[in-house]
Amino acid sequence: YFSMKIQALQICGTGSGVGKSVIVTALCRIFLQDGYKVCPFKAQNMSLNSFVTSGGAEMGRAQATQALSCRILPHADMNPVLLKPMSNIGSQVIIQGKPVGNRTARQYQQKKYKQQLFLKVKESFNRLKNEYELVVIEGAGSPAEINLKSHDIVNMKMAEHAKAPVILVGDIDKGGVFAWLVGTLELLTKKERSMVRGIVINKFRGDKTL
């Protein structure tokens, strides 16, 4: 990938809980050990518990851990949109480390509002891109959620903005990983599929010869 002179690499998953956060954390440390100035990024995260930076800003705990794996201080730009669930249908919205109010899922998914959020996302990412040699981006959930794709700001739309090749992660421990991977790729557009450069089958605990 570095022969391609990329500035970002994106890790997407076939769903939630497949291990994206751990893969990004590991890659951050590996790239650091290889001599690169690297940092993590996740455009939008949902977490009940946040990490508070030295400057008093809130961000996702996973991105704070990933920053530590890069041996850098966590910064709110690494997670510009954080959603803290307040109920089954609503969340507190935190933008670039600062709470801006509560919104229901319907209010949050409005196209105009998501467009405004994506401006903030790009602003944070661009600052990191200018400071670091490589940004390792984590997606959220699945990039193939066709009911959410029209206002996506965290998966393939983010990868497209970052000009980042995408690695797709699937969890074999849950069963059905091959259908999950193929189904995800089939639901992507042709352009999006061309951005996927590799697949990681995660959480395999069996005999590799099988």
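Everything in this summary refers to the structure shown in the same document. (Residues numbered from 1 in each chain as written. Predicted model: local features only at pLDDT ≥ 70, side-chain atom pairs only at ≥ 80, totals over all residues. Heavy atoms only, no water.)

### Observations concerning the environment of Val-196
Line of reasoning, step 1. Here Val-196 is to be found in strand E11 (residues 196-202).
Line of reasoning, step 2. In this structure Val-196 comes out as buried when scored by relative accessible area, which is 17%.
Line of reasoning, step 3. C-alpha separation for the pair Val-196 and Val-166, spaced 30 residues apart in sequence, amounts to 4.5 Å. (Helix = DSSP H or I, 4+ residues; strand = E, 2+ residues; numbered from the N terminus. Buried < 20%, exposed > 50% of the residue type's maximum accessible area, 1.4 Å probe, protein only.)

### So, the packing of aromatic side chains
Line of reasoning, step 1. Taken as a whole, this structure holds two aromatic pairs when the rule is applied.
Line of reasoning, step 2. With a centroid separation of 5.5 Å and 70 degrees between ring planes, the pair formed by Phe-41 and Phe-125 is classed as edge-to-face. Pair noted here: Phe-41 is in strand E2 (residues 38-41) and Phe-125 is in helix H4 (residues 111-131), with a separation of 84 residues, a long-range link.
Line of reasoning, step 3. Taking relative accessible area as the criterion, Phe-41 reaches 0% and is therefore assigned buried.
Line of reasoning, step 4. Look at Phe-125 and you get buried, because its relative accessible area is 0%.
Line of reasoning, step 5. Geometrically, the ring pair formed by Tyr-108 and Tyr-113 is edge-to-face, given 5.9 Å between the ring centres and 70 degrees between the ring planes. This pair shows no difference in class: Tyr-108 is buried, exactly as Tyr-113 is.
Line of reasoning, step 6. In this structure, Lys-37 is placed above the aromatic ring of Tyr-132, and the distance from its NZ or CZ to the ring centre is 5.3 Å.
Line of reasoning, step 7. In this structure, Arg-103 is placed above the aromatic ring of Tyr-113, and the distance from its NZ or CZ to the ring centre is 3.7 Å. (Phe/Tyr/Trp six-rings, centres within 6.5 Å; stacked < 30°, edge-to-face > 60°. Lys NZ or Arg CZ within 6 Å of the ring centre and 35° of its normal.)

### With respect to H4
Line of reasoning, step 1. Relative to the 30 Å expected for 21 residues at 1.5 Å per residue, H4 spans 30 Å between its end C-alpha atoms, a close match to the ideal helical length.
Line of reasoning, step 2. Taken as a whole, H4 has its buried residues at Tyr-113, Lys-114, Leu-117, Phe-118, Val-121, Ser-124, Phe-125 and Leu-128. The buried residues of H4 occupy an angular sector of 130 degrees when projected down its axis, which confines them to one face. Counted as exposed and oriented over 90 degrees from the buried face of H4: Lys-112, Leu-119 and Asn-130. (Expected span 1.5 Å × (residues − 1). Arc of directions from axis to C-beta.)

### Structural notes on the sheet that holds strand E7 (residues 90-95)
Sheet strands associate in pairs through backbone hydrogen bonding, adopting either a parallel or an antiparallel arrangement.
Line of reasoning, step 1. Here four strands make up an open sheet; going across it, the order is E3-E6-E7-E8 and the pairing mixed. Two strands lie at the open edges of the sheet, namely strand E3 (44-46) and strand E8 (98-104), each paired on one side alone. Neighbouring strand axes in the sheet, compared pairwise and without regard to direction, differ in orientation by 25 degrees on average.
Line of reasoning, step 2. In terms of strand pairing, E7 meets E8 through six bridges, oriented antiparallel. For Gln-92, the partnering residue across the bridge sits in E8 and is Asn-102. (Pairing = 2+ DSSP bridges. Axes fitted to C-alpha atoms, helices over the stretch in contact; angles between N-to-C directions.)

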